[in-house]
Amino acid sequence: MNKAFDRYVSILFIVLGVALYLYAETLTVSNVGIAIGPKALPSFLAVILVILSTVNLIAALRSKTPDKQEQLEYKKFFIILISLLLYALLIEPLGYVISTFLFLFAGFQTMEKGKYLHSAIIAALFSGGIYYFYVEIFLGVLPPLPF
């Protein structure tokens, strides 16, 4: 654990979370009859980001263990970053379920190679489950399947 890095990144994410929340509050409310408006998910995620970053900051400040130098894994970082960019580009043409499945599967395989079936099942259940709950139960709108 690098405490200095954790402190700086936690502060950065707290500021980012507050900015995201303030920006989400400027979004207009849809009158289409959707139960969850465009503010709900970004606001919720911003609050979660601030909470988790605050917990990480407190843990880094209270930690008594000495800093140890860890080898940063740039290759994994760039694979995830490229996967995220592809996810953002493919979500409209492929739809939420397929693009989320591909992004999660790539992320799982980047973090831990092997267990392809396990990764595929978790990615499929997550992307399909979130789509079902958000669209069918909460009456939200996500990009549909392309076919």
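Okay, so let's go over this structure. None of the values given here were measured: they were computed from a predicted structure.

**Focus on the overall build of the protein**
Phase 1: On a plain count of helices and strands, the protein comes out with five helices and zero strands.
Phase 2: Moving toward the C terminus, one meets the helices and strands of the protein in the order α-α-α-α-α.
Phase 3: Each of the 147 residues in the protein was classed as buried or not, and the buried ones make up 22%.
Phase 4: Once local pairs closer than 6 in sequence are excluded, the contacts in the protein between residues at least 24 apart make up 60%.

**Considerations on a nonpolar patch on the surface**
Phase 1: Residues Val18, Leu20, Tyr21, Leu22, Leu41, Phe44, Leu45, Val47, Ile48, Ile51, Leu52 and Val55 make up a contiguous nonpolar surface patch of about 1100 Å² in total accessible area.
Phase 2: Every element with two or more residues in the nonpolar patch is listed here: helix H1 (3-24) and helix H2 (40-62).
Phase 3: No other element matches the eight residues that H2 contributes to the nonpolar patch.
Phase 4: Locating Val18 in the fold gives a position in helix H1.

**Some thoughts on H2**
Phase 1: An ideal rise of 1.5 Å per residue puts 33 Å on 23 residues; H2 measures up with 33 Å between its terminal C-alpha atoms.
Phase 2: Of all the positions in H2, only Ser43, Ala46, Ser53, Leu57 and Ala60 are classed as buried.
Phase 3: Buried residues in H2 make contact with H1.

**Some thoughts on the pattern of salt bridges**
Phase 1: If you walk through the whole model with that rule in mind, you get two salt bridges.
Phase 2: The partner of Lys76 in a salt bridge is Glu73, with the nearest N and O atoms 3.1 Å apart.
Phase 3: One salt bridge in this structure joins Lys115 and Glu112, with 3.6 Å as the shortest N-O distance.
Phase 4: Lys115 gets classed as exposed once you look at its relative accessible area, which sits at 55%.
Phase 5: For Glu112, a relative accessible area of 46% translates into the label partly exposed.

**A look at the environment of Pro66**
Phase 1: Along the chain, Pro66 turns up in the loop between H2 and helix H3 (74-94).
Phase 2: Given a relative accessible area of 69%, Pro66 falls into the exposed group.
Phase 3: Through-space distance from the C-alpha of Pro66 to that of Lys3 is 8.4 Å; in sequence the pair is 63 residues apart.

**A short note on the nonpolar core**
Phase 1: Formed by Tyr87, Ile91, Tyr96, Tyr131, Tyr134, Val135 and Leu142, the largest nonpolar core amounts to seven residues.
Phase 2: Mapped onto this core, the elements with two or more residues apiece are H3 and helix H5 (116-137).
Phase 3: The element contributing the most residues to this core is H5, with three residues.
Phase 4: The contacts of Leu142, once residues within four sequence positions are left out, are Tyr96, Tyr131, Tyr134 and Val135.

What counts and what doesn't
Residues numbered from 1 in each chain as written. Predicted model: local features only at pLDDT ≥ 70, side-chain atom pairs only at ≥ 80, totals over all residues. Heavy atoms only, no water. Helix = DSSP H or I, 4+ residues; strand = E, 2+ residues; numbered from the N terminus. Buried < 20%, exposed > 50% of the residue type's maximum accessible area, 1.4 Å probe, protein only. Contact = heavy atoms within 4.5 Å. Patch = residues over 30% accessible without salt bridge, like charges linked within 9 Å, V, L, I, M, F, W, Y side chains within 5 Å. Areas by Shrake-Rupley, 256 points an atom, 1.4 Å probe, with all protein chains shown as cover. Salt bridge = Lys/Arg side-chain N within 4 Å of Asp/Glu carboxyl O. Expected span 1.5 Å × (residues − 1). Core = buried A, V, L, I, M, F, W, Y, C linked by side-chain atoms within 4.5 Å.

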